[in-house]
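Chain by chain, the residues run as shown.
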Amino acid sequence: MVTTSAIYESLVKTVGKNYVSNQKEEQYFYARDGGLMPAHEPDYVVLPRTTEEVQEIVKLANREKVPIVPKGAGLALTGLVIPQKGGILLDMKRMDRILEVNEKARYVVVEGGTTHGALKSYLQKHHPDLRHSIPDSPPVATVVANVVIHGQGRLSQQHGFNSDMVSGLEVVLPTGEICRIGSCSVSSYWFSKGPPLPDLSGLFLGWFGTTGIITKLGLKLYPCKKIRDVMLFLTDRVELVPDIMLKLSHTEMVEDVTISAQPLPLRYKGTFWIMAYITGDSGEELEFKRKMVWDALWGYFESRDLGPLSVSPDMKAPLMSMPSKDITRFADVAKGGGFQYAGPITPIEKFPAFIKKLDEVAKKYNVFYASTTRLIGAGHCMMFSFSFSFNRANPDEMARAKEALDECSKFALEEGGVLWKADLDEQKMLMAKMDPNTLSLMKKLKQLLDPNGIMNPGNWEVK
């Protein structure tokens, strides 16, 4: 094996001295995220600018058997880009170009470090009739990292997970080959990640960067309607929430449906705020959709189990913001900047049981909590968040929040949910419950793609 000095010099030769560091300041910064997983420092931090530079770095890492971890903005909060075994931390933020927008085929091609904020601004300026599914994470979240964890966004109620909207990939494999996935493998167009070909995108989406580094990504775009509005409903009957969600999705008129629950301020306690977003190109279209939603829920209004709330301009502004700022505000409610949530994907019928468990666990561990639920794929499932805020300067509070999260995750699995963007502990829970043949297949695929085990080691490690 070459010396650490020789690896550093090889990295400098590839990307230039200004974009490599083995200094303590960078090692400290890249060793952690805003969640609860323990920190672990990389040996080197590298910021490549091109796919060819990524390729050279991967070849070096594979040749010398040095771990390598690709990183977007690091906002998953579950430690997925903490370099568990040191090595090279590959910060993708310099690869931020928007390469192509095809208006008629409705897709965009971006580089691996492009942020959602940059893409949103670009589309608003240059292609105002098109939009993409914006997640409720800070604008610096990267498009690639979001689909790698199967994120959701403002169009997920209609079109599924954001990863379902991928239309092509360029990947640097762990052995250094550059590989294109989808229509772009046989054509200059990036309109499909699979069909009619074998869909190989599943070898990379959901794997947390353990099977390759995505350097370019095609993403489907959708019509950006001229008018957008929100309808707000309130109920204290938790058992009715699943059917209300089902009726809203059945109208096929609603762009997005979210449900919020939190104990503070006290006027919110015991109530569920249901937000239904509608869009249209005219006032008539919007009014038609509003009436369809209203008619679908009329029975609940008559029984007084559900009430519509008038939304003042001051109240509407934060509800309409994309991404939502509510999650960011909750992230520091305990002061001290600590926030993490378990977000199982589960059938919507589980909403009452999950709310009951959240309240029970928060009392047991004395932690701040809130929950946001998002409908996915026209009611096929939902993301339910068990969210806890904590002070990072208070080790006891952090320990209680971690115990609360672990208990919620175990409960969600027992109830038939699947853990989303699972941290290392949750990955072990998932693999312990997974069908053995599925687990064996995952192991074979990982060994085939990454024979030296260099890619983000520690994550999805099948024993």
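This text follows the structure it describes.
Residues numbered from 1 in each chain as written. Predicted model: local features only at pLDDT ≥ 70, side-chain atom pairs only at ≥ 80, totals over all residues. Heavy atoms only, no water.

**Student:** Help me get a handle on the sheet that holds strand 6 (residues 107–111), residues and values and all.
**Tutor:** Pairing in this open sheet of five strands is antiparallel, and the strands run 5-6-10-8-9 from one edge to the other. Each end of this open sheet is capped by a strand with a single partner; those strands are strand 5 (98–102) and strand 9 (178–181). Between one strand and the next, the sheet's axes are offset by a mean angle of 10 degrees, whatever the strand orientation. Bridge analysis of strand 8 (residues 166–172) against strand 9 gives four bridges, and the strand direction is antiparallel. (Pairing = 2+ DSSP bridges. Helix = DSSP H or I, 4+ residues; strand = E, 2+ residues; numbered from the N terminus. Axes fitted to C-alpha atoms, helices over the stretch in contact; angles between N-to-C directions.)

**Student:** So what about helix 14 (residues 436–449)? Which residues, and what values?
**Tutor:** Think of an α-helix as turning once every 3.6 residues; residues three or four places apart then point the same way. Given a rise of 1.5 Å per residue, 14 residues ought to cover 20 Å, and the 20 Å separating the end C-alpha atoms of helix 14 matches this to within 8%. Among the residues making up helix 14, those that are buried are Leu439, Met442, Lys446 and Leu449. Across the axial projection of helix 14, the buried residues extend over an arc of 100 degrees, all falling on one side. Residues of helix 14 that are exposed and point over 90 degrees away from its buried face: Pro436, Asn437, Lys444 and Leu448. If you follow the buried residues of helix 14, they end up packed against helix 13 (424–433). (Expected span 1.5 Å × (residues − 1). Buried < 20%, exposed > 50% of the residue type's maximum accessible area, 1.4 Å probe, protein only. Arc of directions from axis to C-beta. Contact = heavy atoms within 4.5 Å.)

**Student:** Please give an account of the pairing of strand 12 (residues 227–235) that cites residues and values.
**Tutor:** Among the nine residues that make up strand 12, seven are buried, leaving the element largely enclosed by the rest of the structure. Here nine bridges tie strand 12 to strand 14 (residues 272–280), and the two strands are oriented antiparallel to one another. Among the inter-strand pairings, Met231 is bridged to a residue of strand 14, identified as Ala276.

**Student:** I'd love a proper account of the sheet that holds strand 1 (residues 20–21), names of residues and values included.
**Tutor:** Reading across from one edge, 1-2-4-3 is the order of the four strands in this open sheet, with mixed pairing throughout. Two strands close off the open sheet at either side, each with one partner strand: strand 1 and strand 3 (68–71). Strand direction decides the pairing type here: strand 2 (residues 44–46) and strand 4 (residues 88–91), joined by three bridges, are parallel. Considered in strand 4, the bridge of Val45 is made with Leu89. Taken strand by strand, helix 1 (residues 4–15) contacts strand 1, strand 2 and strand 4, and its axis lies near 10 degrees from that of strand 2.

**Student:** Please set out the environment of Met322 residue by residue, giving values where relevant.
**Tutor:** Topologically, Met322 is positioned in the loop between helix 9 (313–320) and helix 10 (326–330). Sequence-wise, Met322 and Met165 are 157 residues apart; in three dimensions their C-alpha atoms are separated by 18 Å. When neighbours within four sequence positions are excluded, Met322 is seen to be in contact with Lys120, Arg131, Ile134, Arg154 and Arg228.

**Student:** Break down the state of the cysteines for me, citing the residues and quoting the values.
**Tutor:** Under the definition given, this model contains zero disulfides. This cysteine, Cys184, is not joined by any disulfide, and Cys179 carries the nearest cysteine sulfur, 9.0 Å off. Of all cysteine sulfurs, the one in Cys381 lies closest to Cys408, which takes part in no disulfide; the gap is 19 Å. (Disulfide = S-S within 2.5 Å.)

**Student:** Outline the packing of helix 12 (residues 395–414) against helix 13, listing residues and values.
**Tutor:** Between two packed helices, the angle of one axis relative to the other and the distance separating the axes together describe the packing. At a minimum axis separation of 11 Å, helix 12 and helix 13 run at an interaxial angle of 20 degrees. Considered as vectors, helix 12 and helix 13 are oriented roughly parallel to each other. In the packing of helix 12 onto helix 13, the handedness of the crossing is right-handed. Of helix 13, the residues touching helix 12 (which contributes Lys402, Asp406, Ser409, Lys410, Leu413 and Glu414) are Asp425, Glu426, Met429, Leu430 and Lys433. Tallied by class, residues from the contact of helix 12 with helix 13 come to three nonpolar, one polar and seven charged. (Parallel < 35°, antiparallel > 145°, perpendicular 65-115°, else oblique. Left-handed = near helix turned anticlockwise from the far one by under 90°. Nonpolar A, V, L, I, M, F, W, Y, C, P; charged D, E, K, R; others polar.)

Function cannot be inferred from these measures alone, as they are strictly geometric.
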